[in-house]
Amino acid sequence: MKMYLSTLFLSEMENGAEHAITKCNEEFLRRFGTIQDYISASVITDSSGKVIKINSQCDEMMALWDVFKDFKDEIIIDLPIMKAMNTIRAVRDELRGAIEI
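Everything numeric here is computed off the predicted structure, so don't read it as measured data.

Caption draft 1: Structural context of the packing of aromatic side chains. The full count for this structure, using the stated rule, is six aromatic pairs. Arranged with centres 5.9 Å apart and planes meeting at 55 degrees, the rings of Phe9 and Phe71 form a pair that is tilted. Of this pair, Phe9 sits in helix α1 (residues 5-12) while Phe71 sits in the loop between α4 (56-68) and α5 (80-100), and the two are 62 residues apart along the sequence. Residue Phe71 is classed as partly exposed on the basis of its relative accessible area, which comes to 23%.

Caption draft 2: How the structure looks around the pattern of salt bridges. As enumerated under the stated definition, the model contains eight salt bridges in all. Between Glu60 and Arg31 there is a salt bridge, and its shortest N-O distance comes to 2.9 Å. Of the two residues, Glu60 is situated in helix α4 and Arg31 in helix α2 (residues 17-32); the sequence distance between them amounts to 29 residues. Like Arg31, Glu60 is buried. Residue Asp73 pairs with Lys72 through a salt bridge whose shortest N-O separation is 3.5 Å. For Asp73, a relative accessible area of 70% translates into the label exposed. The exposure class assigned to Lys72 is partly exposed, which follows from its relative accessible area of 35%. Ionic contacts of the salt-bridge type, sharing partners, join the residues Glu27, Arg30, Arg31 and Glu60 into one network.

Calculation rules
Residues numbered from 1 in each chain as written. Predicted model: local features only at pLDDT ≥ 70, side-chain atom pairs only at ≥ 80, totals over all residues. Heavy atoms only, no water. Phe/Tyr/Trp six-rings, centres within 6.5 Å; stacked < 30°, edge-to-face > 60°. Helix = DSSP H or I, 4+ residues; strand = E, 2+ residues; numbered from the N terminus. Buried < 20%, exposed > 50% of the residue type's maximum accessible area, 1.4 Å probe, protein only. Salt bridge = Lys/Arg side-chain N within 4 Å of Asp/Glu carboxyl O.

Right under this line is the structure:
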């Protein structure tokens, strides 16, 4: 059974934030293979490559960000899941800006 990434993070926190995000990264890579695969599966673009929509997989990544963000300064490793969170946050913020105009 697939565990939501934010739940996995919180369940592994007793071993420290770096351990917890590493476990999330392992699950992320197991599910998606690479950050490129994840972005391809999560972000919908038009024919010109402009992002027009993000799907529900992005909600899971944002839920993870909500529990991870307070610990990000403690993490010294750079993992694909962290890049995915930053990419999705940037896309989400861009889409919100486009909607607000």
